[in-house]
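Structure at a glance
Spelled out, the chains give:
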Amino acid sequence: MRNILKYLFYMVYYPASFVWRKLDGIGSWKETKWWIDHVPDAMFTSATYASYAVWIQHQGMFSVLMSLYLKKDKPNILDFGCGMGNLAPVAYHFVRNGGKFLGIDTDAKSIAACHKTYKDLENCEFYRTRDPNAWYPQDGVQPTKPGEIDWPVKSNSQDLVVAMSVFTHLQEKAAIDYLKKIHDVLVQDGLAIISFLIVRDYVNPNNDIYNYKHRLTPGWFTATPACPECSIGIEHNALLKLLGGKFKVLGHIEGCLTGGKHPSLQDLFVLQKI
Ligand SMILES: C[S@@+](CC[C@H](N)C(=O)[O-])C[C@H]1O[C@@H](n2cnc3c(N)ncnc32)[C@H](O)[C@@H]1O
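Notes on the structure in this doc start here. (Residues numbered from 1 in each chain as written. Predicted model: local features only at pLDDT ≥ 70, side-chain atom pairs only at ≥ 80, totals over all residues. Heavy atoms only, no water.)

1. Quick notes on unusual backbone geometry
Short version of the rule: Here a strand is any run of E in DSSP of at least two residues, a helix any run of H or I of at least four, and the numbering for each starts at the N terminus. When a residue's accessible area, from a 1.4 Å probe over protein chains only, is under 20% of the maximum for its type it is buried; when over 50% it is exposed; and in between it is partly exposed.
Positive phi outside glycine occurs at Asn-123, with the angle close to 65°. With respect to the helices and strands, the residue Asn-123 is situated in the loop between helix H5 (108-117) and strand S3 (124-128). On the basis of relative accessible area, Asn-123 is assigned to the partly exposed category, the value being 30%. If you check the backbone angles, Asp-189 has positive phi at about 65° while not being a glycine. A relative accessible area of 44% places Asp-189 in the partly exposed class.

Structure (structure tokens):
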């Protein structure tokens, strides 16, 4: 059954998506068509499979968040786990006259799609890291060792670091290392926008992948013990402990997948480096 669905998907839905985008572009204003033209053709074909709805929801949320919080002229923006690069067209509006957007991901196909889709966006670059993740297998590169982080950025150089749906694939030890790295690369008072799946007293009736029954370390859970990195949840108190002393919480948008009250899928935290 699964194979038939997969076959139908690539025979019908995927080719139809090209026609759908073409028609949407014909009927749109130039400003809207620009966004349609910056959807990767490969968006359904890699580790970072997404739906159009989620794609557009992310871009809308980040257009607002960056407009409200990012006050620096010509900022440096780093997107950790950029996937197919849905933040690049958003960030482009902030860096086109200077500054730089850098998307980093471990998935080779995603980075190749970013290079192809966003080649016309000035000051937007992408880097395939050697950092491994058990849920996103890499091939063709020598992975970094635990504790090492392969990011081509200097300390105190970034005004904003974004990590959407990435800490939800990291166990506690890796999360501590990456949060330390984010703190290190941010400038004084720099911002980070990071999403987490906060464990609440709630059962998701639609998808068991968001029901965290297996404890990994105190406050850290997985829904998928066979490969914990597939879906990691964290209790709110454990998150505050993780952030403690390093970041001030400027804003918190709750995630509906784990019973939060807002329309965002995951919990988003807007953080400022202390
Ligand atoms: C669920 S996807 C989210 C992609 C994108 N941020 C978005 O919101 O659409 C998670 C991404 O994180 C990447 N990733 C996971 N662990 C990583 C690591 N240690 N370093 C870099 N990228 C990583 C995966 O390859 C994948 O593209």
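2. Some points on the environment of Ala-192
Quick note on the threshold: Residue contacts follow a heavy-atom distance rule, with two residues in contact if any of their heavy atoms lie within 4.5 Å.
Mapped onto the elements of the fold, Ala-192 is located in strand S5 (residues 186-196). C-alpha of Ala-192 to C-alpha of Leu-250: the two residues are 58 residues apart in sequence and 9.9 Å apart in space. With residues near it in sequence (within four places) discarded, Ala-192 still touches Leu-160, Val-161, Ile-182, Leu-186, Phe-247, Phe-269, Val-270 and Leu-271.

3. Notes on the packing of helix H3 (residues 52-69) against helix H4 (residues 88-95)
What counts is decided by this rule: Whenever a helix is involved, its axis is fitted only over the stretch in contact; in every case the axis is a line through C-alpha atoms, and angles between N-to-C directions fall within 0 to 180 degrees. Should an angle fall under 35 degrees it is taken as roughly parallel, and over 145 as roughly antiparallel, whereas 65 to 115 is taken as roughly perpendicular and any remaining angle as oblique. In this scheme the crossing of two helices becomes right-handed for a clockwise turn of the near helix relative to the far one and left-handed for an anticlockwise turn of less than a right angle. Put simply, Ala, Val, Leu, Ile, Met, Phe, Trp, Tyr, Cys and Pro go in the nonpolar bin, Asp, Glu, Lys and Arg in the charged bin, and everything else, Gly too, in the polar bin.
One can describe the packing of H3 onto H4 by two numbers: an axis separation of 9 Å at closest approach and a directional angle of 25°. Relative to H4, the element H3 lies roughly parallel. The interaxial crossing formed by H3 with H4 has right-handed handedness. Facing H3, whose interface residues are Gln-59, Phe-62, Ser-63, Met-66 and Ser-67, H4 presents Pro-89, Val-90, Ala-91 and Phe-94. Residue classes in the contact of H3 with H4 are distributed as six nonpolar, three polar and no charged.

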